[in-house]
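The lines below spell out each chain.
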Amino acid sequence: MKECPVLIAIEGIDGSGKGTQAQRLVERLTSSGRRAALLSFPRYDATFFGRAVGEFLNGRFGTLAEAHPFLVSLLYAGDRFESRELLSELAAHNDVVVLDRYVPSNIAHQAAKRDGGDRERLIEWIEHLEYAVYGLPRADRVFLLDLPVWIARSLIARKQARSYTHRAADLQEADAAYLERVRELYLELAGRSPEWRRIEVSHEGVVRSIEEVADEVWTGCWPGC
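We now turn to the structure provided with this report. Predicted, not measured: the structure shown is a model, and the values here were computed from it.

### Observations regarding the sheet that holds strand β1 (residues 7–11)
- Ordered in space as β2-β3-β1-β4-β5, the five strands form an open sheet in which the pairing is parallel. A single partner strand is all that each edge strand has here, and the edge strands are β2 (36–40) and β5 (196–200). Sheet twist, expressed as the mean angle between neighbouring strand axes with direction ignored, is 20°.
- By the bridge criterion, five bridges tie strand β4 (residues 141–146) to β5 in an arrangement that is parallel. Residue pairing across strands places F143 opposite R197, the latter belonging to β5.
- Across the sheet, helix α9 (residues 210–220) is in contact with β4 and β5; its angle to β5 comes to roughly 160°.

Okay, structure coming up:
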């Protein structure tokens, strides 16, 4: 049996199917005889900072433009800091922990609000905060589920009610221009690091089947799941 990465992060813009693919991967790992666990961020109902993230996404702290991205990043990072012990326990008792959003999500969503040197500084600050200050482990493999924004927004509109919001689309999901910038930064991040794998969720404007994407995630695990 081949070794799998210990921490596998599933990333992508809103509507790209992260939760579905993360759950499918855990099920496939379990059925293959591996101990696997799923941890999703933000943990809206489980942590102090997770609840604060929900309030931010509902517009309580202002619009996307009004809230400074570094201050917003503290909420998402705080949610993971509160969850660090749980993550450690899951890693200790499982062969693989699949993460539905992780540190790269914080980087992509916040640094996308800045350009040039300000963007690079923000990326450095968030990485230092989450990995150095809070001591979170880096993911061994990151899958980017890449999807054009116009398709993602059509899928967001079909989402069932979420616990953290009564809106059809939260603050981030409702802003197409913002999501486009987030997608662009995700693609840039994927090109920087060898542990990233980009998976196209659609082909020529048509969304690929869940099973087809899941198969590509499975074969993309390094050195192989």
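### Details of the packing of helix α5 (residues 103–111) against helix α6 (residues 116–133)
- Contact geometry for α5 and α6: axes closest at 10 Å, N-to-C directions at 155°. The angle between α5 and α6 places the two elements in the roughly antiparallel class. Considering how the two elements wind past one another, α5 and α6 form a crossing that is right-handed. Along its contact with α5, which presents V103, P104, N106, I107, Q110 and A111, the element α6 presents R119, L122, I123, I126, E127, E130 and Y131.

### Here's the deal with the nonpolar core
- Formed by 68 residues in total, the largest nonpolar core has its most connected members in L25, L29, L99 and Y102.
- A total of seven residues in this core trace back to one element, the largest contributor, which is helix α8 (residues 176–192).
- Setting aside residues up to four positions removed in sequence, L25 forms contacts with I8, I10, V98, V217, W218 and C221.

Definitions and cut-offs
Residues numbered from 1 in each chain as written. Predicted model: local features only at pLDDT ≥ 70, side-chain atom pairs only at ≥ 80, totals over all residues. Heavy atoms only, no water. Pairing = 2+ DSSP bridges. Helix = DSSP H or I, 4+ residues; strand = E, 2+ residues; numbered from the N terminus. Axes fitted to C-alpha atoms, helices over the stretch in contact; angles between N-to-C directions. Contact = heavy atoms within 4.5 Å. Parallel < 35°, antiparallel > 145°, perpendicular 65-115°, else oblique. Left-handed = near helix turned anticlockwise from the far one by under 90°. Core = buried A, V, L, I, M, F, W, Y, C linked by side-chain atoms within 4.5 Å. Buried < 20%, exposed > 50% of the residue type's maximum accessible area, 1.4 Å probe, protein only.

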